[in-house]
Amino acid sequence: MDIEERLREVEQEIFSRRPEHSVDLALDRMADLVELLGQPQRACPVVHITGTNGKTSTARMIDALLRSRGLRTGRFTSPHLVSIRERICVDGAPVSAERFVEAYEEIIPYVGLVDDRHPAAMSFFEVLTGMAFAIFADTPVDVAILEVGVGGRLDCTNVADGAVAVITPVAIDHTRLLGSTVEEIAGEKAGIIKPGAVAVLAQQPVPAAEVLLRHAAEVGATVAREGVEFGVLSDEQAVGGQLLSLRGLRGTYSDVFVPLYGRHQAGNAACALAAVEAFAGTADTAGDEGGQALDPELVREAFAKVSSPGRLEIIRRSPTIIIDASHNPAGLAATAAAIRESFTFPHLTGVFAASGDKDVAGMLAELEPLLDEIVVTRNSSDRSMEVGEVAELAAEIFGEDRVTSAGRLDDAIEAAVALADEAEADGVPGSGGVLITGSVITAGDARRLLGPNGGELPPEPSASQPSRHSFTAAELS
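Residues take numbers from 1 onward in each chain, read along the sequence in its written order. For a predicted model such as this one, the threshold for reporting local features is a pLDDT of at least 70, and the threshold for listing and counting side-chain atom pairs is 80 or more; totals across whole chains, interfaces and linings nevertheless cover every residue. Note that the side-chain values use all heavy atoms of the structure and ignore hydrogens as well as water.

1. So, a negative patch on the surface
Thinking step 1. For patch detection, residues must exceed 30% relative accessible area and be free of salt bridges, and they are connected within 9 Å for like charges or within 5 Å for nonpolar side chains (Val, Leu, Ile, Met, Phe, Trp, Tyr). Each accessible area value is a Shrake-Rupley result obtained with a 1.4 Å probe; residue values ignore everything except the protein chains displayed when judging cover. A side-chain nitrogen of Lys or Arg and a carboxyl oxygen of Asp or Glu constitute a salt bridge if their distance falls within 4 Å. Only four residue types enter the charge count: Lys and Arg as positive, Asp and Glu as negative, with His and the chain ends excluded. To locate a charge, the coordinates of NZ of Lys, CZ of Arg, CG of Asp or CD of Glu are taken. Taken together, the side chains of Asp2, Glu4, Glu5 and Glu98 present a region of like negative charge at the surface.
Thinking step 2. Its place among the elements puts glutamate 4 in helix H1 (residues 3-15). Runs of H or I in DSSP of at least four residues are treated as helices and runs of E of at least two as strands, each being numbered from the N terminus.

2. What about helix H9 (residues 263-279)?
Thinking step 1. Compared with an ideal rise of 1.5 Å per residue, which puts 17 residues at 24 Å, H9 spans 24 Å between its outermost C-alpha atoms and is within 8% of the ideal.
Thinking step 2. Categorising residues by exposure relies on relative accessible area from a 1.4 Å probe, with only protein chains included: less than 20% of the type maximum marks a residue as buried, more than 50% marks it as exposed, and the intermediate range marks it as partly exposed. Counted residue by residue, H9 has 15 buried out of 17 residues, so it is predominantly covered.
Thinking step 3. Looking one or two residues beyond H9, the residue adopting positive phi is glycine 281, at roughly 80°. Here, expected helix span is obtained from the residue count minus one, scaled by 1.5 Å.

3. Some points on the packing of aromatic side chains
Thinking step 1. We call Phe, Tyr and Trp rings a pair once their centres come within 6.5 Å, taking the six-membered ring for Trp, and we label the pair stacked below 30 degrees between planes, edge-to-face above 60, and tilted otherwise. Going through the model one piece at a time under the given rule, you end up with 4 aromatic pairs.
Thinking step 2. With 5.5 Å between their ring centres and 35° between their planes, phenylalanine 76 and phenylalanine 125 make a pair best called tilted. Pair noted here: phenylalanine 76 is in strand S2 (residues 73-76) and phenylalanine 125 is in helix H5 (residues 124-138), with a separation of 49 residues, a long-range link.
Thinking step 3. Arranged with centres 4.8 Å apart and planes meeting at 50°, the rings of tyrosine 261 and phenylalanine 343 form a pair that is tilted. Placement of tyrosine 261 in the loop between strand S11 (252-258) and H9 and of phenylalanine 343 in the loop between helix H11 (329-342) and strand S14 (348-352) is noted, with a sequence separation of 82 residues between them. Accessibility assignment for this pair places tyrosine 261 and phenylalanine 343 in one class, buried.
Thinking step 4. Every member of this aromatic cluster is reached through a ring pair, and the members are Tyr261, Phe343 and Phe345.

4. Focus: the environment of phenylalanine 76
Thinking step 1. Exposure remark for phenylalanine 76: the relative accessible area of 1% places this residue in the buried category.
Thinking step 2. Separated by 17 residues in sequence, phenylalanine 76 and alanine 59 have C-alpha atoms that sit 8.6 Å apart.
Thinking step 3. Whether two residues touch is decided by their heavy atoms; if any such pair falls within 4.5 Å, the residues are in contact. In contact with phenylalanine 76, not counting residues within four places along its chain, are Arg87, Ile88, Phe125, Leu128, Thr129, Ala132, Phe136, Ile145, Leu146, Glu147 and Thr157.

5. Points about the side chain of aspartate 445
Thinking step 1. If you trace the backbone, aspartate 445 turns up in helix H15 (residues 440-450).
Thinking step 2. Residue classification places aspartate 445 among the buried residues on the basis of a relative accessible area of 9%.
Thinking step 3. Here arginine 448 takes part through its side chain, which lies 2.9 Å from a polar atom of the side chain of aspartate 445.
Thinking step 4. Ignoring sequence-local partners within four residues, the contact set of aspartate 445 consists of Asn379, Ser380 and Leu409. Whenever two N or O atoms come within 3.5 Å, that pair is a polar contact, provided that in protein one can donate a hydrogen and the other can accept it, and provided that, for residues adjacent in sequence, both atoms are side-chain atoms.

6. Considerations on the nonpolar core
Thinking step 1. Residues belong to a common nonpolar core when they are buried Ala, Val, Leu, Ile, Met, Phe, Trp, Tyr or Cys residues joined through side-chain atoms within 4.5 Å. Residues Ile62, Val166, Val200 and Phe303 are the most contacted members of the largest nonpolar core, which totals 40 residues.
Thinking step 2. Among the elements that line this core, the one with the most residues is H9, at 11 residues.
Thinking step 3. Setting aside chain neighbours within four positions, we find valine 200 in contact with Val164, Ala165, Val166, Ile167, Ala224, Phe230, Cys271, Ala274 and Ala275.

7. Here's the deal with empty space enclosed by the protein
Thinking step 1. Points on a 1 Å grid, built from protein atoms alone, make a cavity when a 1.4 Å probe fits but cannot get out and make a pocket when they are open with protein on both sides within 12 Å along at least 5 of 7 lines; residues with an atom within 4 Å of a point are the lining residues. Grid points are joined across faces, edges and corners, and a volume is the space filled by probe spheres set on the points. One pass over the full model with this rule turns up 3 cavities of 30 Å³ or more.
Thinking step 2. Taken as a whole, the largest cavity spans an internal volume of roughly 170 Å³.
Thinking step 3. Lining the largest cavity are 17 residues, with Arg60, Arg75, Thr77, Glu86 and Leu457 positioned closest to its centre.
Thinking step 4. For this classification, the nonpolar set comprises Ala, Val, Leu, Ile, Met, Phe, Trp, Tyr, Cys and Pro, the charged set comprises Asp, Glu, Lys and Arg, and every other residue, Gly included, is treated as polar. Classifying every residue of the lining of the largest cavity gives 7 nonpolar, 4 polar and 6 charged.

8. A short note on the sheet that holds strand S9 (residues 231-238)
Thinking step 1. A pair of strands is considered paired only if DSSP assigns at least 2 bridges between the two. Here we have 3 strands laid out as an open sheet, ordered S9-S10-S11, and antiparallel in their pairing. The open sheet has two free edges, formed respectively by S9 and S11, since each of these has just one partner strand. When strand polarity is set aside, the average angle formed by the axes of neighbouring strands in this sheet is 20°.
Thinking step 2. As paired elements, S9 and strand S10 (residues 241-247) share 7 bridges and run antiparallel to each other. Bridge assignment links alanine 238 to a residue of S10, and that residue is glycine 241.
Thinking step 3. The convention used is that axes are lines fitted to C-alpha atoms, helices contributing only their stretch in contact, and that angles between N-to-C directions extend from 0 to 180 degrees. The strands touched by helix H10 (residues 296-304) are S10 and S11; relative to S11, the strand with the most contacts, the crossing angle is about 20°.

9. Looking at the confidence of the model for the protein
Thinking step 1. pLDDT is a per-residue confidence score from the predictor, ranging from 0 to 100. Scored by pLDDT, the protein has a mean of 90; 91% of the residues are at 70 or more.
Thinking step 2. The model gives residues 464-477 a pLDDT under 50, and that stretch makes 20 contacts with residues more than four places away or in other chains.

10. Examining the pattern of salt bridges
Thinking step 1. The final tally for this structure, using the stated rule, is 27 salt bridges.
Thinking step 2. For arginine 300, the salt bridge identified is with glutamate 297, shortest N-O distance 2.6 Å. Of this pair, arginine 300 and glutamate 297 both sit in helix H10, 3 residues apart, which is roughly one turn of the helix.
Thinking step 3. The exposure class of arginine 300 is partly exposed, given its relative accessible area of 22%.
Thinking step 4. Measuring nitrogen to oxygen at the nearest pair gives 3.2 Å for the salt bridge that ties lysine 305 to glutamate 301.
Thinking step 5. Of the residues examined, glutamate 301 reaches a relative accessible area of 27% and is grouped as partly exposed.
Thinking step 6. Each of Arg6, Glu9, Glu13 and Glu105 takes part in one network of salt bridges that share partners.

11. Structural notes on unusual backbone geometry
Thinking step 1. Residues threonine 139 and proline 140 are joined by a peptide bond in cis, for which omega reads -15°.
Thinking step 2. Inspection of the secondary structure puts proline 140 in the loop between H5 and strand S5 (143-147).
Thinking step 3. Between serine 318 and proline 319 the backbone carries a cis peptide bond, its omega angle lying at -5°.
Thinking step 4. Despite not being glycine, glutamine 39 shows a phi value in the positive range, around 55°.
Thinking step 5. Tracing the chain through its elements places glutamine 39 in the loop between helix H2 (28-37) and strand S1 (46-50).

So this is what it looks like as structure tokens:
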């Protein structure tokens, strides 16, 4: 059988399991699976990442920094934009179709045994997590970077013990599963901080910070806080991204170019740097004055090669079309701020499709001051809110005259491009912009429609490969 055909069969078998959004938070099924597999999650040290927004971007930065130090990395993130294989990466590249199928066929007999032991069968996400652990152990990799699916304490990735636990900013999301307050959500996310680990905490709302610090103290973890032990010293807009000066746990790193937009990405970069310094063993305690900094040139080289597809990603020009995977109000607030900081569109049209179980009204409210008009639609997910419902909410927030509806995403993009073209400022071609957002699914669908090779993501450059983003500070000034 052709490998692509077999891959499609495997994908269908995985997708037929309990879906990602139908979460039954528990560790017993995953604990049974890794026991049967010989505890592959313990085959290498782990950097574990949770938070509400910024997890995937931070994971990709950590991956790039670790690879710059000559380490072989395994990275498990979710959800995917275009291909399910994006979720499991080795050395910055999605695993091949052959390896993905091989890993599935290796673990599925054991998955069946676990299914028979429990009232609920293993889910889509649990099977993928087991495959990632098996691939990372068999490769083998030097370090695994694991992004939590939902929460932390009872997320199936939490059968692994992170030497470093990174908590990106905590906000309200997944309230049905994690609680309705920031404190409750932070309590769930704190569960990835294990005894003796280093907890790297992004800037947090005060109630969340209190919960995280209390848990870290209870388990005897070392704490490194953004804005206290490490942080962003300066950030300046630069061609294609931003130029940063970062204070890490063991040194200061200037002229760091990051080809991503938004101050939130500067914070993600600071957290990634601190996490890698901690992992490298340069900080036995966050406040210790000893230890050696990372090589500044390697840090600059690694950050200059970072990409985060679907996160304020320019996918087309004339008009400029940006896709963004933000899917909650806090994420849209960061997106809106980043666009104001980094772009000067005289006219910006939005394309919006979101899941019905999200705070859609809150998301639209964050977009309203940014957009001149909005085209509402639906994405390819069966969870997507119906167009009529989104249109009603949008009309209440934007006013009916600023809202257009389209039944399909491709039609919505076409309508938005037409609106952007009509509104070009002073007759300058391409001066209008289009922002496509509301969901990772929406961003992925747009990438398939607009990106080369059906939106398939290219491998990330290694430290030895030249990067088109490797500008000098003088060139950027």
